[in-house]
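Results of the structural survey
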Amino acid sequence: MNSRLAFALSCCVLLSQLSAASAAPTVTEIMPRGLTSGGTTVITLRGTQLDQADGQILSSLIVSQKVLKATATELQLEVEVAADAVPGLYRLRVSNAAGISNAWLSGIDSLPQVAFQPTVDLPIALTGTLGGAAILETKVTLEAGSRFVADVECGRIGGTARPVLRLLDPNGVQVAFGRYRSAPSGDARLTAMVKVA
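I will try to describe carefully the structure that is included in this document. No experiment lies behind these values; they were computed from the predicted model shown. (Residues numbered from 1 in each chain as written. Predicted model: local features only at pLDDT ≥ 70, side-chain atom pairs only at ≥ 80, totals over all residues. Heavy atoms only, no water.)

A look at the sheet that holds strand β1 (residues 26-31)
Note on sheets: strands pair through backbone hydrogen bonds, and any given pair is parallel or antiparallel. Test applied: Each pair of strands is called paired provided DSSP finds at least two bridges between the two strands. The numbering of helices and of strands both runs from the N terminus, where a helix is a DSSP run of H or I of at least 4 residues and a strand a run of E of at least 2. Interaxial angles span 0 to 180 degrees and are taken between N-to-C directions of axes, which are lines fitted to C-alpha atoms, for helices over the stretch in contact.
The four strands lie next to each other as β1-β3-β6-β5, forming an open sheet whose pairing is antiparallel. Only two strands of the sheet have a single neighbouring strand rather than two, namely β1 and β5 (62-70). Averaged over all adjacent pairs, the angle separating strand axes in this sheet is 30°, with direction ignored. The pairing of β5 with strand β6 (residues 74-81) spans seven bridges and is antiparallel. Within β6, the position partnered with Gln 65 by the bridge is Val 79.

The following block contains the structure:
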């Protein structure tokens, strides 16, 4: 009786180890969230089973990609997107020797793609993470008479935040506002004409 029980337990352990080893990769975090058409972007994916052989993002828009770093929980790729890629949101997945991952939405456009920074040059696409009452803030230099547009893609890529955009002058006075639901899927958009100082 004891020998059967020991055999059953060892079989269960072996089966659970086999299923863990053959699990497909999962992606839980992407930085930055977008790719630049006609250029290269270094993208970092975090999740599980990302160190398996032949890791790559599946998309016909990608003309080349190179693995820069691969660990079980992180995959960093240098990705080149075709210059004629139509701007928009695309569903992407990672493929490697362990299988094909869950899908995520990424924006593809001609803007440089970077993680959120305290100061930036325009035009640019920033990727950041909001939680609770968090505020992400960046500073830009705008020319008098120019048109400024800022757009948040949160609900469109599966996020649940209710974004609001505020444009402040150098004195901290609000000069423009983009409310929740002013863009598709409950996202925010802000458009302003920059006045002469």
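Quick word on the environment of Thr 44
What counts, and what does not: Here a residue-residue contact requires only that any non-hydrogen atoms of the pair lie within 4.5 Å. Whenever a nitrogen or oxygen atom comes within 3.5 Å of another N or O atom, the pair is scored as a polar contact, on the condition that within protein one atom can donate a hydrogen and the other can accept it, and that pairs from neighbouring residues in sequence are kept only if both atoms are in side chains.
Secondary-structure assignment places Thr 44 in strand β3 (residues 40-48). It is 6.9 Å that separates the C-alpha atoms of Thr 44 and Glu 74, two residues lying 30 residues apart in sequence. Among residues more than four places away in sequence, those in contact with Thr 44 are Glu 29, Ile 30, Met 31, Glu 74, Leu 75 and Gln 76. A polar side-chain atom of Thr 44 sits 3.1 Å from a polar atom in the side chain of Gln 76.

Remarks on the pattern of salt bridges
Operational definition: By convention in these notes, a salt bridge is any Lys or Arg side-chain nitrogen within 4 Å of a carboxyl oxygen on Asp or Glu. Each residue is placed in one exposure class: buried if its accessible area under a 1.4 Å probe, protein chains only, is under 20% of its type's maximum, exposed if it is over 50%, and partly exposed if it falls in between.
One pass over the full model with this rule turns up six salt bridges. For Arg 46, the salt bridge identified is with Glu 74, shortest N-O distance 3.2 Å. One end of the pair, Arg 46, is in strand β3; the other, Glu 74, is in strand β6, and 28 residues separate them in sequence. One salt bridge in this structure joins Arg 189 and Asp 151, with 2.5 Å as the shortest N-O distance. Within this pair, whereas Arg 189 is found in strand β15 (residues 189-193), its partner Asp 151 is found in strand β12 (residues 147-151), the two being separated by 38 residues in sequence. Residue Asp 151 is classed as partly exposed on the basis of its relative accessible area, which comes to 33%. Through salt bridges with shared partners, a single ionic network connects Glu 29, Arg 46, Lys 69 and Glu 74.

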